[in-house]
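A look at the structure
Each chain is listed here by its residues.
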Amino acid sequence: MNERDSYRDRVTHRIPRGIVAEATARTMFTLTRHRPAPELAEFVEYHWVLRWDRRRKPPYEQRVLPNLSVHVTFFPGASGVHGPARDVFSHRLAGRVQGLGVRFRPGTFRAFLGGPVRDIADRAVPLTRVFGPAAAAAAESVRTAGDDTQMVGAIDNLLIANPVRLSPAAREAAQAVESIARDPGITRVAQLCADTGLTTRSVQRMFAEHVGCPPKWAIRIYRLNDAAQRLVTEGEVDYAGLAVRLGYSDQSHFIRDFRTVTGQSPGEYARTARPADREPDSDRT
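In this section: the overall build of the protein. Helix and strand counts for the protein stand at 12 helices and nine strands. Here the C-alpha radius of gyration of the protein, 19 Å, is about what a compact globule of 285 residues would show, namely 19 Å. With the C-alpha coordinates of the protein rotated into their principal frame, the extents come out at 50 × 45 × 30 Å. The buried share among the 285 residues of the protein stands at 51%. Considering only contacts in the protein between residues 6 or more positions apart, those separated by 24 or more positions represent 73%. Carbon and sulfur atoms form 50% of the exposed surface of the protein, whose accessible area is close to 13,600 Å². Of note, the protein has its 41 positive side-chain charges centred 2 Å away from the centre of its 32 negative side-chain charges.

Here you go:
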């Protein structure tokens, strides 16, 4: 993966990234993250650029845990607007490809979509449906770009050409997600309601409209992304202790939740996600 971040601001909240089997992924593709243009800062968390070269190598299936962000992608054969998902995302890496994705701050994409974000949850829609014909030209600019700067510039220009503003309701939704991201102690919707000063019903409507998923699911995503990271980095894991640290009432509840999101038990996930043998350096390009 050879990750290099040009987006190095001090992060005061959790951003679920969820690359499964990250140690193996480091040998399969390069990933860089870039700051958006200043005009887009309140909408976009970062741009991510992927490159891989699997020519003369077997294809590789990369899995990514679900998160709350809308991602807008510009890849040959895989461009689109991807809503928040409940399932693990999987993509087959084959051939030689470069592309860019835009990760939007949860709660902010309704301004571009022009409708409830729940309408694109668990699915993708064509770029042109949201950004018009100019999206096709921007995708071609990404495909032919000589470097990351050209890619990022083309997509910044596309987004800036569609000027939008955050409504007070969207800003409130984004701040609610930030509350979850900043505070791992928020493990129940009642706690989020106390933090925002809103009723349960108001929070549910706000999340459906602007985030695209129920608040309970949003909290679960952050908790289980935390769990996935711990399973990879902590070696021998005390599952009962981990469940307590994550705010679960018991180990079985944690395991059920983890399997619901990842499709694997914590033990299975740990075995498949920990470092694997690298491909021979002589065969890397």
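With 90% of its residues at a pLDDT of at least 70, the protein reaches an overall mean of 88. No element of the protein has a lower mean pLDDT than strand β1 (residues 4-5), which averages 44, and none a higher one than helix α8 (residues 200-211), which averages 98. Counted against residues more than four places away or in other chains, residues 2-11, with its pLDDT under 50, gives 23 contacts. Predicted confidence is poor over residues 277-285, with pLDDT under 50, and the contacts of this stretch with residues over four places away or in other chains come to 14 contacts.

So, about the pattern of salt bridges. Two side chains with opposite charge may pair up if their charged atoms get near one another. Tallied over the entire structure, the rule returns 11 salt bridges. With its nearest N and O atoms 3.8 Å apart, the salt bridge here joins Arg 259 to Glu 268. What makes Arg 259 partly exposed here is its relative accessible area of 43%. Looking at Glu 268, the relative accessible area reads 31%, which means it is partly exposed. Among the charged side chains, a salt-bridge network with shared partners connects Arg 110, Arg 118 and Glu 209.

We now examine the nonpolar core. Burial of nonpolar side chains together is a common tendency in soluble globular proteins. Phe 29, Ile 180, Phe 207, Phe 254, Phe 258 and Tyr 269 are the most contacted members of the largest nonpolar core, which totals 52 residues. At nine residues, helix α9 (residues 215-233) tops the list of elements feeding residues into this core. The next biggest cluster of nonpolar side chains, apart from the first, holds 33 residues, and it includes Phe 104, Leu 113, Met 151 and Val 152.

In this fold, Gly 95 is placed in the loop between β7 (89-93) and β8 (96-104). Classification of Gly 95 as partly exposed rests on a relative accessible area of 27%. When neighbours within four sequence positions are excluded, Gly 95 is seen to be in contact with Trp 52, Asp 53, Arg 54 and Arg 55.

Right, let's get into the packing of aromatic side chains. A complete count under the given rule lists 11 aromatic pairs for this structure. Aromatic side chains Phe 104 and Phe 109 sit 4.8 Å apart centroid to centroid with 75° between the ring planes, which places their arrangement in the edge-to-face category. The exposure class of Phe 109 is buried, given its relative accessible area of 2%. Measuring from ring centre to ring centre gives 6.0 Å for Phe 112 and Phe 131, while their planes differ by 50°; the resulting arrangement is tilted. Of this pair, Phe 112 sits in helix α2 (residues 110-113) while Phe 131 sits in helix α3 (residues 127-131), and the two are 19 residues apart along the sequence. Each of the two residues, Phe 112 as well as Phe 131, counts as buried. A network of ring pairs unites the aromatic residues Phe 43, Phe 104, Phe 109, Phe 112 and Phe 131 as a single cluster. Looking at Arg 86, its charged tip hangs above the ring of Trp 217, at a distance of 4.9 Å from the centre.

How each quantity is defined
- Residues numbered from 1 in each chain as written.
- Predicted model: local features only at pLDDT ≥ 70, side-chain atom pairs only at ≥ 80, totals over all residues.
- Heavy atoms only, no water.
- Helix = DSSP H or I, 4+ residues; strand = E, 2+ residues; numbered from the N terminus.
- Rg over C-alpha atoms; globule rule 2.2 N^0.38 Å.
- Buried < 20%, exposed > 50% of the residue type's maximum accessible area, 1.4 Å probe, protein only.
- Contact = heavy atoms within 4.5 Å.
- Areas by Shrake-Rupley, 256 points an atom, 1.4 Å probe, with all protein chains shown as cover.
- Lys, Arg positive; Asp, Glu negative; His and termini not counted.
- Charge placed at Lys NZ, Arg CZ, Asp CG, Glu CD.
- pLDDT = per-residue confidence, 0-100.
- Salt bridge = Lys/Arg side-chain N within 4 Å of Asp/Glu carboxyl O.
- Core = buried A, V, L, I, M, F, W, Y, C linked by side-chain atoms within 4.5 Å.
- Phe/Tyr/Trp six-rings, centres within 6.5 Å; stacked < 30°, edge-to-face > 60°.
- Lys NZ or Arg CZ within 6 Å of the ring centre and 35° of its normal.

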